Amino acid sequence: MPSKKILSPVFFIFLLLLISSPGIAQDTFKAEMLKEVNNVRREGCQCGDEYMPPVRPLYWNDKLEKAAKSHARDMYSNNFFNHEGSRGKTLKDRVNATGYKWSFIGENISWGYYSVKEVVQGWIDSPDHCRNMMHPDFMEMGAAREGTYWVLDMGERR
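Described in the following lines is the structure provided in the data block. Counting starts from 1 at the beginning of each chain's written sequence and moves along it residue by residue. Residue-level local features of this predicted model are given only where pLDDT is at least 70; pairs of side-chain atoms are given and counted only at 80 or more, and the full residue set underlies all totals for whole chains, interfaces and linings. Side-chain calculation: all heavy atoms of the structure are included, whereas hydrogens and water are not.

## Things to note about the pattern of salt bridges
Stage number 1. Salt bridges are identified by distance alone: a Lys or Arg side-chain nitrogen within 4 Å of an Asp or Glu carboxyl oxygen. Under the counting rule described, the total for this entry stands at 10 salt bridges.
Stage number 2. One salt bridge in this structure joins K30 and E65, with 3.4 Å as the shortest N-O distance. Remark: E65 occurs in helix α3 (residues 62-78) and K30 occurs in helix α2 (residues 22-43); sequence separation between them is 35 residues. The exposure classification of K30 matches that of E65, with both residues buried.
Stage number 3. The shortest N-O distance in the salt bridge between K117 and E36 comes to 3.4 Å. One end of the pair, K117, is in helix α5 (residues 116-125); the other, E36, is in helix α2, with 81 residues separating them in the sequence.
Stage number 4. The buried label applies to any residue whose accessible area, calculated with a 1.4 Å probe on protein chains only, is under 20% of its type's maximum; exposed applies above 50%, and partly exposed to all values in between. Under the relative-accessibility criterion, E36 is labelled buried at 12%.
Stage number 5. Connected via shared salt-bridge partners are K30, D62, E65 and K69. Note on conventions: DSSP H or I runs of at least 4 residues are helices, E runs of at least 2 residues are strands, and numbering of each starts at the N terminus.

This is how it looks when you write it as structure tokens:
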């Protein structure tokens, strides 16, 4: 009769830490978001009645992520959905506060999606958000999610 192996409590603690580690979860989010956005940019897509040809990939930028995070948290905490923050802060204000030196910036926001794939598809389905995501001048991006509030900030550095 085969013996039963009992896993040690240390294994379960390690597994719990691995699953719940914010750093690992954030790294996974970054990688998945970057991959999904760049897949669309690499393939090109139909944005409403306009075809957007393939464009270069974006690179992750922590300062743009910080700007996106502040806006996602603001919308979530204050229960609103708008590009302008609860205290009148604009995309320019949020990005400037991070120290990101930009020549061109843009933002996509969304609400109600539960996965990266869903939110990126939602942006594709919205012609203005789609064109923004496919804009050839953007070189970098940062994104964040708070609850079901999503923010994608993109920029071209000076």
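The structure having been displayed, the exposition proceeds.
## Quick notes on the state of the cysteines
Such a bond, covalent and formed between the sulfur atoms of two cysteines, is termed a disulfide.
Stage number 1. By convention in this document, the label disulfide applies to cysteine sulfur atom pairs within 2.5 Å. All chains considered together, the criterion is met by 1 disulfide.
Stage number 2. C45 forms no disulfide, and the closest cysteine sulfur to it belongs to C130, at a distance of 3.3 Å.

## Side note on the layout of surface pockets
Stage number 1. Grid points spaced at 1 Å and placed over the protein atoms alone form the basis of the search, with a cavity being a set where a 1.4 Å probe fits but cannot get out and a pocket an open set showing protein on both sides within 12 Å along at least five of seven lines. Lining residues have an atom within 4 Å of a point. Grid points are joined across faces, edges and corners, and a volume is the space filled by probe spheres set on the points. In this structure, the largest pocket occupies an estimated 220 Å³ of space.
Stage number 2. Forming the boundary of the largest pocket are 13 residues, of which S70, H71, D74, K89 and R94 lie nearest the centre.
Stage number 3. If you list the elements that add at least two residues to the lining of the largest pocket, you get α3 and α4 (91-98).
Stage number 4. The element contributing the most residues to the lining of the largest pocket is α3, with 5 residues.
Stage number 5. Residues that form the lining of the largest pocket fall into these classes: 2 nonpolar, 5 polar and 6 charged. Charged residues are taken to be Asp, Glu, Lys and Arg, nonpolar residues to be Ala, Val, Leu, Ile, Met, Phe, Trp, Tyr, Cys and Pro, and polar residues to be all remaining types, Gly included.

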